[in-house]
Amino acid sequence: MKTAINIVVSLIVLVAGFVGLRIFGQKPEVPTQDAKAEDTGVPVETAKVSAWNRPFNMTIDGEASTYRIVTVGSEVEGRIVKKAEAARSGTYIRKGDLLFQIDSEKYQLEIDRLRAQLQQADEEISAVAVDLENTASLISLAEEDLKLQNNQMERMRILLAKRTANETEVEAAMKQELVARNALQSLKNQKKSLQQRAKTEAADKALVQAELDRAELDLKRCTVTSTLEGRIVDDIVEEGDHIQSGDDLVHISDGSRMEIKCQLRGEELAWVWTQAVAPDKNANPALADPLNLPPVPCEVAFEFEGVETIWDGYIARLEGTGIDRDTRTFPCRVLVEEPHKSRINDSGGGRPVVSPPTLLSGMYVNVRIPIQSISPLLKLPLEAVRPGGQIWVDRGGKLDVVEVSLAHSEGDMALVRQSGSGLSDGDRVIVSPLVSVRDGMKVTSTTQEAAE
């Protein structure tokens, strides 16, 4: 009985397989153009090729980032006696706003000490000036005394010649003249010493003055203010902390300018390089960067709730040293000089507009770069571009296969380079799909005007 059941099941399986093969195993029929279509032409839809003489927007993705982050550090040592609320993380501050107050008592005491020392130096300089004045008076008296002694010595020599005086008296006169000359020279030497002392005292005073200026500067540095307008990134110290000179206090993100980090593919970078920009007259040709990007103007757009906020910017520079090894693209930076100035492109149909008041770090944005091609371009529907860059052209009822170089595509529009393509303004390109294509086959345009 069991054997009979197995035989019956096997026969059922064989019959089912045979029936399935007959139904599903047939080779599908490939639709072909019938002879009548070959004679009258295959019906196709075409669109007109038109010249494109305007700039087109090349759109790339980017991320907004801070232009720079400044570290505000302590320039003096001491204890923080006050931390302003503006020094808290996330607070937007203006240039000159108070951040911290450092204990300034010891710096004020140092200023008082140096001022007293400066006053002492002034008194010493005054004393040297008095000594110089007194020495000058003594020198005048000594010069008169030397003159009298010289006259006395001359008279004694005359008397000696007349034999009315002896040599002892002449020698005594000469000795008095020598004593007077020695006293005058001593006073002159004393004057030089006093003059040198006056210079030394003046130098000491200048040194004390420099130390006083530094102490007063340290006193001013006890009040820490913001050096720029921006937003506090993070606060590092708190009130009561003791800090050393050079310690970081707070990090501030510069809000006056913003940068957009983006990546350019090779063909996109080539388009940017072709844009004509007036050269910088102040640039040094010897220091010109061979990879420098021209400052091409562009738009930075951020979309939120159907509202597009737009900022004006320009391509600033390439970032890094060359091609990114992971993405094989060229990292570049777009600079937005005025992140607080924006305009709105509202497509929300009259509903309330919600737009960011400024360009914020971390925003994912679109960078639209207007490109003016240096070679003529042709506009055609994107669906007319076939794989491999082929275009099917209707030339008097015959299909002509041409190869083109795609310059740019956006939405349902394609821009191709006219040079060397075989296309020209006014040509009709086939936009409908065809099962099989050969060069020179007959076609019939059915909806030419509707496809314009």
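Residues numbered from 1 in each chain as written. Predicted model: local features only at pLDDT ≥ 70, side-chain atom pairs only at ≥ 80, totals over all residues. Heavy atoms only, no water.

Trainee: Please clarify how the overall build of the chain should be interpreted in this entry.
Mentor: Check the secondary structure of the chain and you find five helices and 26 strands. Residues counted as buried form 33% of the 452 residues belonging to the chain. Long-range contacts, defined as pairs at least 24 residues apart, comprise 75% of the intrachain contacts of the chain with a sequence gap of at least 6. Just so you have it, the chain exposes about 27,900 Å², and 53% of that area is on carbon and sulfur atoms. (Helix = DSSP H or I, 4+ residues; strand = E, 2+ residues; numbered from the N terminus. Buried < 20%, exposed > 50% of the residue type's maximum accessible area, 1.4 Å probe, protein only. Contact = heavy atoms within 4.5 Å. Areas by Shrake-Rupley, 256 points an atom, 1.4 Å probe, with all protein chains shown as cover.)

Trainee: Please clarify how the packing of aromatic side chains should be interpreted in this entry.
Mentor: Ring pairs (aromatic) are described by centroid distance and by the angle formed between their planes. Taken as a whole, this structure holds one aromatic pair when the rule is applied. Between the aromatic rings of Phe 56 and Trp 271, the centroid separation amounts to 5.3 Å while the plane-to-plane angle is 85 degrees, which identifies the pairing as edge-to-face. Taken together, the positions of Phe 56 in strand β4 (residues 56–66) and Trp 271 in helix α5 (residues 266–273) put the pair 215 residues apart, joining distant regions of the chain. One exposure class covers both Phe 56 and Trp 271, and it is buried. Between Arg 257 and the ring centre of Tyr 67, over which it is positioned, the NZ or CZ distance is 4.1 Å. (Phe/Tyr/Trp six-rings, centres within 6.5 Å; stacked < 30°, edge-to-face > 60°. Lys NZ or Arg CZ within 6 Å of the ring centre and 35° of its normal.)

Trainee: Please explain the sheet that holds strand β6 (residues 78–83) as it appears in this structure.
Mentor: Note on sheets: strands pair through backbone hydrogen bonds, and any given pair is parallel or antiparallel. The strand order across the open sheet formed by four strands is β9-β8-β6-β11, and the pairing between neighbours is antiparallel. With one partner strand each, in any of the chains shown, β9 (223–225) and β11 (242–243) form the two edges of the open sheet. As judged from the three bridges shared by β6 and strand β8 (residues 98–102), these two strands associate in the antiparallel manner. By the bridge assignment for β8, Lys 82 is matched with Gln 101. (Pairing = 2+ DSSP bridges.)

Trainee: Just to check I follow, could you spell out the pattern of salt bridges for this structure?
Mentor: Applying the stated criterion to the full structure yields 27 salt bridges. Linking Glu 259 and Arg 317 is a salt bridge whose minimum nitrogen-to-oxygen distance equals 2.6 Å. In this pair, Glu 259 is assigned in strand β13 (residues 258–264) and Arg 317 in strand β15 (residues 307–318), connecting sequence segments 58 residues apart. Residue classification places Arg 317 among the partly exposed residues on the basis of a relative accessible area of 35%. (Salt bridge = Lys/Arg side-chain N within 4 Å of Asp/Glu carboxyl O.)

Trainee: How should I be thinking about the environment of Asn 366 in this particular structure?
Mentor: In this fold, Asn 366 is placed in strand β18 (residues 364–371). Judged by relative accessible area, which is 32%, Asn 366 ranks as partly exposed. Between the C-alpha atoms of Asn 366 and Ile 260, which are 106 residues apart in sequence, the distance is 9.5 Å. Look past the residues within four positions of Asn 366 in its chain and what remains in contact with it is Thr 59, Ile 60, Asp 61, Glu 299, Val 300 and Ala 301.

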